Amino acid sequence: SALGACSSTPSEEERGEELYLRLRYLRAAFETAYADHSSATLDTVSREIKSYARNDLNLFVQDLRNGALWKKEIAAFVLGFSTNKKAQAGLIVATRDPDLNVRGIALASLGFMGMADTPLEVFQKNLNSPHWYLRQAALYGLRYQLTPGDTGGMISAVIKRLRDSQMDVRNEALIVLRRMK
């Protein structure tokens, strides 16, 4: 019968699209809550994103490597909420993506993961990027990688960013320097 051919459950492709649309919304909610310093909203949104990062890890790693650009950006963002080695490896590779946005999100997310064995070189090489967005993302990532008293051998490179032409880069440099204190 015609009704028997209709499926009430979404296809894998439809589920993936719905997932990414939900994550696009959660990313915007996270960024707004972050800017507004709304810790309650950040906690709620972060918990949900972490759940997706854990449950759909393989999908995000795959899409970070081969997905459409908008999916790569979201996958890079979501993987920052993981502490999985596979997510870390995917983000390290994505720091060399040809797209600046994907690279920047991957840098920030890689740092945000806070995994002690993350190679600091991926941040260091981007501190001198001609693109301010990558310099800012590298500093943002370093904020979560360096512990108090730890300079990671990068204090002079971070100090140099205090004279950056972009105010957001200078602000991130100041935050990282305070963290190194």
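Residues numbered from 1 in each chain as written. Predicted model: local features only at pLDDT ≥ 70, side-chain atom pairs only at ≥ 80, totals over all residues. Heavy atoms only, no water.

1. Observations regarding helix H9 (residues 132–145)
Each full turn of the α-helix corresponds to 3.6 residues, which orients residues three or four apart in the same direction.
In step 1: Relative to the 20 Å expected for 14 residues at 1.5 Å per residue, H9 spans 20 Å between its end C-alpha atoms, a close match to the ideal helical length.
In step 2: Where burial is concerned, most of H9 is hidden: 11 out of the 14 residues are buried.
In step 3: Listed in full, the buried residues belonging to H9 are Leu 134, Arg 135, Gln 136, Ala 137, Ala 138, Leu 139, Tyr 140, Gly 141, Leu 142, Arg 143 and Gln 145. (Helix = DSSP H or I, 4+ residues; strand = E, 2+ residues; numbered from the N terminus. Expected span 1.5 Å × (residues − 1). Buried < 20%, exposed > 50% of the residue type's maximum accessible area, 1.4 Å probe, protein only.)

2. Digging into the packing of aromatic side chains
In step 1: In total, this model carries 12 aromatic pairs according to the counting rule given.
In step 2: Taking the centre distance of 5.7 Å and the plane angle of 80° together, the rings of Tyr 20 and Phe 60 count as edge-to-face. Residue Tyr 20 is located in helix H2 (residues 12–36), and its partner Phe 60 is located in helix H4 (residues 57–66); the two are separated by 40 residues in the primary sequence. For the pair Tyr 20 and Phe 60, one class covers both residues: buried.
In step 3: Ring geometry for Phe 81 versus Phe 112: centroids 5.1 Å apart, planes at 65°, classification edge-to-face. Placement of Phe 81 in the loop between helix H5 (69–79) and helix H6 (85–94) and of Phe 112 in helix H7 (residues 100–113) is noted, with a sequence separation of 31 residues between them.
In step 4: You can call Phe 81 buried: its relative accessible area is 9%.
In step 5: Pairwise contacts between aromatic rings join Phe 30, Tyr 34, Phe 77, Phe 81, Phe 112, Tyr 140 and Tyr 144 into one cluster. (Phe/Tyr/Trp six-rings, centres within 6.5 Å; stacked < 30°, edge-to-face > 60°.)

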